[in-house]
Amino acid sequence: MASAPTTAGAPVRRLTVLYDAECSLCTHVRDWLLRQPRLVPLELVTAGSDEARRRFPGLDHSVTLDEVTVVGDAGQVFRGAAAWIVVLWALREHRALAHRLSTPTGAWLARGAVLAAAKWRGGQRQWGGNGYRRADGWAYEPGRGWIYVVPGCDDATCATR
């Protein structure tokens, strides 16, 4: 796992996961992480948001929208496969998997998984599959999934086209 040179060896007591709130895969993983028992506290913050910029002014926030980024409480920065390995390490039921993925062979598998996810995300953008955007009127309700809220039609009595 890669960390910033000035924080090498610093213990990790809390992690902040920066995720793309406009990506359906990213929000699915965010929701999954929120349900997992943790050994290390995780905070999930929207990548590129005002909060992320305020908390981490030294990060290149455009990169955090393209590559999963995790920040440790001592300033450690993990990206890509290393980010996913450290997040799994923070989860009670997945720490052993994180240790396996931190080996040379495991790191190769973790990198492949991250590249596959990136390829899927790229395909979603290219083919318009990233259709559930809050800015377009979509809202995510955990019990129902993505729902479309027609602007100005709060009582659901509007005529459809």
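Further up the page is the structure itself.
These numbers were taken from a predicted model, which means no experiment stands behind them.

**Q** So what exactly am I meant to see when it comes to the side chain of Thr69 here?
**A** Within the element layout of this structure, Thr69 appears in strand 3 (residues 69-72). Residue contacts for Thr69: discarding those within four places in its chain leaves Thr16, Val17, Leu18, Leu59, Thr64, Val77, Phe78 and Arg79.

**Q** Where do I start with the pattern of salt bridges in this structure?
**A** Opposite charge on two side chains allows them to pair when their charged atoms are near. Taken as a whole and assessed by the stated rule, the structure comprises four salt bridges. Between Glu43 and Arg14 there is a salt bridge, with its nearest N and O atoms 3.8 Å apart. Note that Glu43 is positioned in strand 2 (residues 42-46) and Arg14 in the segment before strand 1 (15-19), a separation of 29 residues in sequence. Put simply, Glu43 and Arg55 hold a salt bridge, and the shortest N to O gap is 3.2 Å. One end of the pair, Glu43, is in strand 2; the other, Arg55, is in helix 2 (residues 50-55), with twelve residues separating them in the sequence. Using a relative accessible area of 27% as the deciding quantity, one classes Glu43 as partly exposed. Each of Arg14, Glu43, Glu51 and Arg55 takes part in salt bridges that share partners, so that together they form one network.

**Q** Looking at this structure, how should I read the packing of aromatic side chains?
**A** In this description, a pair of aromatic rings is defined by centroid distance and the angle of the planes. In this structure the tally under the stated criterion is zero aromatic pairs. Just above the ring of Trp89 sits the side chain of Arg95; from NZ or CZ to the centre is 4.1 Å.

**Q** Just checking my understanding: could you explain the environment of Thr16 for this structure?
**A** Within the secondary structure, Thr16 is located in strand 1. By relative accessible area, which is 4% here, Thr16 ends up buried. A sequence separation of 28 residues divides Thr16 from Leu44, and the C-alpha atoms of the two residues are 5.8 Å apart. Thr16 has contacts with Glu43, Val45, Arg55, Phe56, Thr69, Val70 and Val71, leaving out every residue within four places of it along the chain. One polar contact links Thr16 to Arg55, side chain to side chain, over a distance of 3.3 Å.

Rules used in this analysis
- Residues numbered from 1 in each chain as written.
- Predicted model: local features only at pLDDT ≥ 70, side-chain atom pairs only at ≥ 80, totals over all residues.
- Heavy atoms only, no water.
- Helix = DSSP H or I, 4+ residues; strand = E, 2+ residues; numbered from the N terminus.
- Contact = heavy atoms within 4.5 Å.
- Salt bridge = Lys/Arg side-chain N within 4 Å of Asp/Glu carboxyl O.
- Buried < 20%, exposed > 50% of the residue type's maximum accessible area, 1.4 Å probe, protein only.
- Phe/Tyr/Trp six-rings, centres within 6.5 Å; stacked < 30°, edge-to-face > 60°.
- Lys NZ or Arg CZ within 6 Å of the ring centre and 35° of its normal.
- Polar contact = N/O pair within 3.5 Å; in protein donor to acceptor, adjacent residues only side chain to side chain.

Remember that the coordinates give geometry; whether it matters functionally is a separate question.
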